[in-house]
Amino acid sequence: MDQLFGNYLPVLIATVTGFILVITALIGSRLLAPFSQEREKATTYECGMLPVRRTSTNVGVRFYLYAILFIIFDVEAVFIFPWALSFVEVGAQAYWEMVLFVAILAVGLVYAWKKGALQWR
Amino acid sequence: MSSTLRQGRRRPATRVPPGLMIVGAVFALGFLAANAAIGYVVIDGRLDGQWYDIRDLGFAVQELKAQLDAINDDQPGFLDDIVGQHWMSYAVGALLGAIGILSFIGGALLVLIWVERRLIGRMQIRRGPNRVGPYGLLQPVADAVKLIQKEVLTPDGADRILFLLPPAIIFVPMMTAWGPVPWAPNMAYLDINVGVLYLIAVSSLTTLAVFLAGWSSNNHYALLGSMRTVAMMISYEIPLSIALLSVVLITGSMQLSEIVQWQADHNLWLIALLPIAMVTYFFSSTAELNRTPNDIAEAESEIVAGFHTEYSGMKFGLFYAVELGNALLVATLVATFFLGGWSLFGLEEWIPGYLILFAKLSAAYFVLVWLRGTLPRFRLDQLMRFAWQYLIPLSLFNLLIVAIEASLLARWDAPGLVTLGLFTVVNWGAAYILFRDWARRIGYQPDAGGPRRAELTQQVGGIEAAHRMGTAT
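*Asks:* Describe the overall build of chain A, listing the residues and the values that go with them.
*Replies:* Within chain A, the secondary structure is distributed over 3 helices and 0 strands. Overall, chain A shows an N-to-C arrangement of helices and strands of α-α-α.

Structure follows, in structure tokens:
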């Protein structure tokens, strides 16, 4: 068997096992639990009142700011991982390159900070 | 009043019957003899690499796989051409690992739910579950039986398919993330060389399921809770990744078994060398877990139950199980990365590695429960500010320091005691200065005279008063 595929076979098997377990639990609950349709029971919970309106309304814009910042920094972390493995062999040059890279990102973070993007309002 | 009550608590001296003493002595002698036998066999070295070596179940699995390969070679089947050679040993090994992990999670959850509830009860001066079974030990089983008998509702206007998916989607990352954890030197069933990256990738899948659950419920509370969770989880994922980066830098590997092996070789747990990374990782993980210091995602007093408001019955039970399973996973990862995994300064020759790891993960889990019992919930803006203005700059700075240390470690021709000792001192000093001064800079002001004791509660309430009344167990 291919070595690479064999290495990752446990992921597939664990995934399938997890799904089987979840489906078993749900089927078990379907068999054991009472099941009756009723209109009142299916209303969404909102402090006992009837729900006011649908939820597909506006969402605060601050979530998007955090999402954008997250993408930048997460991609940065993914970039640093291969660097972290090979930098001891490459030496001082790699270190200063990473300092420069982190510094550019830090400038971006400071800019967002000063602009107030990190303030939760 | 109190003196009579106190006397009432004192038990009369009981005499141990002689028959029981003889049985106890026999048991003690047998235990000592068994230990001596184990010590003889271990020093003799006749267990090393044998399949019946229970210190490392990996050997037994390897033996089984070799035998399956031999059978496969003797009788080649039609599947060999389609799937590939030796497919049977790979499949059986993976299946054994998955079943072993699953049974461990199941068993540990049943025990640790009880432990957590008892501990929290103890911390809040109440008893916790003590009715079902001896000492309330069967309470988690009773909860599971109750949950499976409850009706599963689907709310009006919910997206039916997307509403069904999240319990399954959230369960699978929890299962797969256990793979790379090494339980003993050869006992990891998914020992890949990108283990750390794999862990980060798999554990961030939870965010998707949480958002799906909140969005498809058609409930304001659920939507709010899931938006909060996503914002918090993605914010804390960055310091978490960078904290793990410094571990990778020092050990020079992303393979979890190599990381533990490094700690075993150097006889040094990484908590001593990387205190900042440890604290960052631990705190960020509690944010990813939605546990109490950071549980704004399901803050009961604000948004009912957050993203799983509309889930009932077994679907809620799955969310609950995953939450606890992830807490267990984080405790295990802290034990693996920072507390030395299966290594215990040479004692792993005697004690099975998985027992050592279990002891360490129990300690880390206790700290998680302790945090839950001690700290109040943070506000959302406090949490976001803490992540972006404190943890991320701190962990980036720590990364650059650790990078210098890693290159020094590789180049400097000094004994390990000197370099690692020096780095430990430097890192603890840096941790002290950074934690203290940076926290003050972003606005933390400790009370001038130190914390005051709450005098009144010492008299009328509290554990001491309970002892005085004789009501504490």
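More follows now that the structure is in view.
*Asks:* Outline the overall build of chain B, listing residues and values.
*Replies:* Broken down by element type, chain B carries 20 helices and 0 strands. With 473 residues in all, chain B has 41% of them scored as buried. The long-range fraction of contacts in chain B, counting pairs at least 24 apart against all pairs at least 6 apart in sequence, stands at 75%.

*Asks:* Explain the confidence of the model for chain B to me, and be specific about the residues and the numbers.
*Replies:* Residue and element names in this part refer to chain B. Of the residues in chain B, 87% have a pLDDT of 70 or more, and the chain-wide mean is 81. When pLDDT is averaged over each helix and strand of chain B, the minimum, 48, is found for helix α1 (residues 2–9) and the maximum, 89, for helix α8 (residues 195–203). Counting contacts from residues 1–8, a segment whose pLDDT is below 50, to residues more than four positions away or on other chains yields 5 contacts. Overall fold confidence for the complex sits at a pTM of 0.83, while the interface term, ipTM, reaches 0.85.

*Asks:* How would you explain the environment of R15 of chain B if you had to name every residue and give the values?
*Replies:* Position of R15 of chain B among the secondary structure elements: in the loop between α1 and α2 (18–44). With 271 residues separating them in the primary sequence, R15 of chain B and T286 of chain B have C-alpha atoms 49 Å apart.

*Asks:* Which residues make up the interface of chain A and chain B, and what values go with them?
*Replies:* Between chain A and chain B, the contact holds 54 residues from the first and 70 residues from the second. Mapped onto the side of chain A that touches chain B, the elements with two or more residues apiece are α1 (3–32), α2 (62–90) and α3 (92–115) of chain A. If one sorts the elements of the side of chain A that touches chain B by residue count, α1 of chain A sits on top with 18 residues.

*Asks:* I'd like a rundown of the nonpolar core, residues and numbers included.
*Replies:* Residue and element names in this part refer to chain B. Membership of the largest hydrophobic core comes to 132 residues, with the highest contact counts inside it found for L244, L245, V247, L274, A331, V334 and Y365. Among the elements that take part in this core, helix α10 (residues 220–251) stands out by supplying 21 residues, more than any other. Two domains each provide a minimum of three residues to this core, namely domain 2 (54–149) and domain 3 (158–441). With near-sequence residues (within four places) excluded, L274 lies in contact with S246, V247, I250, V402 and N427.

*Asks:* A description of the environment of V334 of chain B should follow, citing residues and the corresponding values.
*Replies:* All names here are of chain B. Here V334 is to be found in helix α15 (residues 313–338). Taking the C-beta count within 10 Å as the criterion, V334 has 22 such neighbours and is therefore assigned buried. Here the alpha-carbon distance between V334 and N130, two residues 204 residues apart in the chain, equals 31 Å. The contact partners of V334, leaving out residues within four places of it in the chain, are Y281, F282, L339 and A364.

*Asks:* Describe the packing of helix α13 (residues 275–289) of chain B against α15 of chain B, naming the residues involved and giving the relevant values.
*Replies:* All names here are of chain B. Between α13 and α15, whose axes approach to 10 Å, the crossing angle comes to 170°. As the angle between them shows, α13 and α15 are arranged roughly antiparallel. On α15, the residues touching M278, Y281, F282, S285 and L289 of α13 are E323, N326, A327, V330, V334 and F338. The residue inventory of the contact of α13 with α15, partitioned by class, reads 8 nonpolar, 2 polar and 1 charged.

*Asks:* I'd like to hear about unusual backbone geometry, residue by residue, with values.
*Replies:* Peptide bonds are trans in most cases, and residues, glycine excluded, mostly fall at negative phi. Positive phi, close to 55°, is recorded for I125 of chain B, a residue that is not glycine. With respect to the element layout, I125 of chain B can be found in the loop between α5 (87–123) and α6 (139–148).

Quick notes on the rules
Residue numbers run consecutively from 1 along every chain, following the written order of its sequence. Naming scheme: in the order in which they are written, chains are lettered from A and ligands are numbered from 1. For a predicted model such as this one, the threshold for reporting local features is a pLDDT of at least 70, and the threshold for listing and counting side-chain atom pairs is 80 or more; totals across whole chains, interfaces and linings nevertheless cover every residue. Think of it this way: any DSSP run of H or I at least four residues long counts as a helix, any run of E at least two long counts as a strand, and we number them from the N terminus. Partly exposed residues are those whose C-beta has more than 12 but fewer than 20 other C-beta atoms within 10 Å; with 20 or more the residue is buried, with 12 or fewer it is exposed, and the C-beta atoms are placed from the backbone. Any pair of residues counts as being in contact when their C-beta atoms, constructed from backbone geometry, are within 7 Å of one another. Scored between 0 and 100, pLDDT is the confidence that the predictor attaches to each residue. Under the definition applied here, buried Ala, Val, Leu, Ile, Met, Phe, Trp, Tyr and Cys residues are grouped into a nonpolar core through C-beta atoms within 7 Å. Note that domain bounds follow an automatic or database assignment of domains. A fitted line through C-alpha atoms serves as each axis, taken over the contacting stretch for helices, and the angle formed by two N-to-C directions is quoted from 0 to 180°. Any angle that is under 35 degrees is reported as roughly parallel, and any over 145 degrees as roughly antiparallel; angles of 65 to 115 degrees are reported as roughly perpendicular and all others as oblique. Following the grouping adopted for this structure description, the nonpolar residues are Ala, Val, Leu, Ile, Met, Phe, Trp, Tyr, Cys and Pro, the charged ones are Asp, Glu, Lys and Arg, and the polar ones are all others, Gly among them.

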